[in-house]
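Each chain, letter by letter, is given below.
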Amino acid sequence: MPGSTKVRELDAVVIGAGFSGLFMNHRLRDTLGLDVQVIEAGSDVGGTWYWNRYPGARCDSEAYMYCFGFDRDLMQQWEWSGKYPEQPEILRYLGHVADRFDLRRNTSFNTRVRSAHFHEESNRWDVETDAGERYRSRFVITAIGCLSTGQIPDFRGRDTFTGEAYHTGAWPHEGVDFAGKKVAVIGTGSSGVQSIPVIARQADHLTVFQRTPQYMIPARHGNVDKAVLDEIKKEYDTIYDKARHSTGGFPYDVQDRSAFDVEDAERRRILEEGWEMGGFKFMFSTFSDLRTSLTASELAGEFIRGKIRETVNDPELAQKLLPLDHPFGSKRILIDTDYFETYNRDNVELVDINAEPIVEITETGITAGDTHHDVDVIVYATGFDAMTGSFNRIDIRGLDGQRLKDKWAAGPRTYLGLTSAGFPNLFMITGPGSPSVLSNMPISIEQHVEMISGIVSHLDRNELELIEAEVRAEDAWVEHVNEVAEPTMFMHANSWYLGANIPGKPRVFMPYAGGVGAYRQHCDKVVANGYEGFTLSPGSVKA
Ligand code: FAD
Ligand code: NAP
């Protein structure tokens, strides 16, 4: 192993330097005055926005809410250019945050944490990296992201392809020149749907390999009028407060009417209004039961299918693009710009791989059904080993040498998505069992970071050494997470929320579907009740 083997003593190791790691570093280092080291696999800060540089990559949370809310000056001074800025602008924002708070100086870049083992004699975590760095730290905080381990399906012959091949989540920094090339995109989730219209405009020919047709809401992207943004900034306190106590982490007015409270014509009018607003407002500001009632969701689903039929000129092609096998809202909602319009182009072809399964990848392209598609470039928009994938890539061992991976073999088990019993002083930002990916994530990230900092300062103020989740509290939380997911649409599709995209992964609904407001209330109650569900101790937790 290259590098020094000297062990550095620390208060905290933070793994990852995206939104989560940046803010955690700032809170622990600058607010609490701890000795912190951040370790990041990429060569700079940014996380998601460092890795996902594919054409068309942009956020689908409205930008004025897709940012930090912890610093007033930062909020007032940063200017977003548009409703949903593109990846370079978001990366610039996170770089600006790193500069502003000097967050790179205690970060090791190009370095991956390989292992974190709890050492029971010292009550410390021993952390090792692939660069040979070794740390002994009181706390470890994983800020490793829910969507940071890409997955490329193991298609037969995948490695024989002699052209260019890229995964959307590990896009080359220098970009990819599609001009004059025949391109294949496999996957029509958020990443595929964002990149397909842009690649279609650049490439000579584009073949899209689709497994599941998807529901989409138009983004209605546009530049943001500075005057509008200035008005928002004046109201930021109220807006953030609303978002922090909402379901999805957005400050949207939520309707409490059911889709069945109104007549057909009125329902149509309301859905059209939501469609015109675009983005997540379609879900939150139309009817309250689109997420919970199969029949209500089906009304919205049929509305969207109508829009697809209207948009795609060729009826046979439109039919192939219709989502029919899962209800609206059961997979991550996709927000698109010109996705269905793209299929009206002469240089775009769709392969429905349910009818024509991918048989193999050859030196020159992809064979699906009986047809071989010659391509120069394959883009894998095939998603991520979400939520647990990045945990499983680290050898994490807690009390009695228990491996987190083994403990989670049948599905992740956490208390509040923040800690796991048997792993004292290990915290997870947006871990499984927290709202995370079902929310506008910066809102959830900030809440976790604040909670972790609160715990750390509580321990210090009370001369306590360790905190560990109680098994009973964890069991109850896992049960609660399942209970709130059960009546939602999420249980009606094969999605990555359930681990269904990874062969062999246990089918467990991983995020907390109760909403960020309800989740925050749980956490606040836990704190108000003296860290209910946790064991806090001055020394060995085994004593
Ligand atoms: P990440 O940004 O994923 O950062 C984690 C970091 O940890 C990475 O840089 C990774 O390199 C590092 N890391 C992981 N393991 C290790 C290790 N072992 N050692 C060292 N470093 C490690 N969310 C929204 O709310 N709205 C959106 O519009 C939105 N758009 C998205 C678009 C894309 C293309 C993707 C993929 C996700 C999007 N998300 C969105 C989710 C997004 O991941 C979060 O909003 C947010 O960026 C997560 O920040 P994070 O710091 O928690 O994790
Ligand atoms: P994804 O949603 O998991 O989509 C992956 C796509 O690849 C799906 O169409 C999937 O089909 C297909 N696929 C997977 N395995 C396959 C196989 N073996 N054969 C054929 N097709 C296969 O991944 P993603 O698009 O990268 O998005 C992941 C998440 O990241 C999103 O849900 C979202 O949370 C976030 N994201 C957000 C944005 C944004 O707009 N801001 C952009 C990108 C990503 P099936 O549907 O049949 O599984």
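See above for the structure.
The paragraphs below set out a description of the structure included in this document. Nothing here was measured: the structure is a model prediction, and the numbers come from that model. (Residues numbered from 1 in each chain as written. Chains lettered and ligands numbered in written order. Predicted model: local features only at pLDDT ≥ 70, side-chain atom pairs only at ≥ 80, totals over all residues. Heavy atoms only, no water.)

Quick notes on the site of ligand 2
Heads up, the rule is: By convention in this text, a residue qualifies as near a molecule or strand provided that one of its non-hydrogen atoms is within 4 Å of it. Within 3.5 Å is the distance limit for a polar contact, defined as a pair of N or O atoms, with the added protein rule that one can donate a hydrogen and the other accept it, and that residues adjacent in sequence qualify only through two side-chain atoms. Gly falls in the polar group here, along with every residue not listed as nonpolar (Ala, Val, Leu, Ile, Met, Phe, Trp, Tyr, Cys, Pro) or charged (Asp, Glu, Lys, Arg). Each domain span listed reflects an automatic or database assignment of domains.
Close to ligand 2 lie 24 residues, the nearest being Thr-188, Ser-191, Arg-211, Thr-212 and Lys-331. Within the side chain of Gln-194, a nitrogen or oxygen atom sits 2.9 Å from an oxygen atom of ligand 2. Of the residues contributing to the shell around ligand 2, the split by class is nine nonpolar, 10 polar and five charged. Formed jointly, the shell around ligand 2 draws a minimum of three residues from each of two domains, domain 1 (7-149 + 386-537) and domain 2 (152-214 + 331-383).

Some remarks on the packing of aromatic side chains
Applied cut-off: Pairing of aromatic side chains here covers Phe, Tyr and the six-membered ring of Trp, requires ring centres within 6.5 Å, and sorts the geometry by plane angle: under 30 degrees stacked, over 60 edge-to-face, intermediate tilted. Whether a residue is buried, partly exposed or exposed follows from its accessible area with a 1.4 Å probe, protein chains only, as a fraction of its type maximum: under 20%, in between, or over 50%, in that order. Here a strand is any run of E in DSSP of at least two residues, a helix any run of H or I of at least four, and the numbering for each starts at the N terminus. Only lysine NZ and arginine CZ atoms are considered, and such an atom sits over a ring when it is within 6 Å of the ring centre and within 35 degrees of the ring normal.
A complete count under the given rule lists 37 aromatic pairs for this structure. Consider the rings of Phe-68 and Phe-70, whose centres lie 5.2 Å apart with planes at 70°: the pair is edge-to-face. This pair shows no difference in class: Phe-68 is buried, exactly as Phe-70 is. Ring centres of Trp-78 and Tyr-93 lie 5.2 Å apart, and the angle between their planes is 70°; on these two criteria the pair is classed as edge-to-face. In this pair, Trp-78 is assigned in the loop between helix H3 (72-77) and helix H4 (87-100) and Tyr-93 in helix H4, connecting sequence segments 15 residues apart. Of the aromatic side chains, those joined through ring pairs into one cluster are Phe-19, Phe-23, Trp-49, Tyr-66, Phe-68, Phe-70, Trp-78, Trp-80, Tyr-93 and Phe-101. Over the aromatic face of Tyr-50 sits the side chain of Arg-53, whose NZ or CZ is 5.0 Å from the ring centroid.

Observations concerning the packing of helix H1 (residues 19-31) against helix H15 (residues 441-461)
Put simply, the rule is: What counts as an axis is a line fitted to C-alpha atoms, over the stretch in contact for a helix, and the angles between N-to-C directions run from 0 to 180 degrees. In this scheme, roughly parallel covers angles under 35 degrees and roughly antiparallel covers those over 145, while 65 to 115 is roughly perpendicular and the rest are oblique. Crossing handedness: left-handed means the near helix sits turned counterclockwise from the far one by under a right angle, and right-handed means the same turn made clockwise. A contact between two residues is defined here by any heavy atoms of the two lying within 4.5 Å.
Between H1 and H15, whose axes approach to 10 Å, the crossing angle comes to 30°. Classified by the interaxial angle, the pair formed by H1 and H15 is roughly parallel. Our pair here, H1 against H15, has a crossing hand that is right-handed. Residue-level inspection shows Phe-19, Ser-20, Phe-23, Met-24, Arg-27 and Leu-28 of H1 in contact with H15, the latter providing Pro-442, Ile-445, Glu-446, Val-449, Glu-450, Ile-452, Ser-453 and Val-456.

With respect to the sheet that holds strand S15 (residues 371-374)
Which entries qualify depends on this criterion: When DSSP locates at least two bridges between a pair of strands, those strands are taken to pair.
Read across the sheet, three strands follow the order S13-S14-S15 without closing on themselves; strand pairing throughout is antiparallel. Lying at the two open borders of the sheet, with one neighbouring strand each, are strand S13 (358-361) and S15. The mean inter-strand angle of the sheet, taken between neighbouring strand axes irrespective of direction, is 20°. Sheet topology places S13 next to strand S14 (residues 365-368); three bridges connect them, and they run antiparallel. The residue bridging Glu-360 from the neighbouring strand is Thr-367, located in S14.

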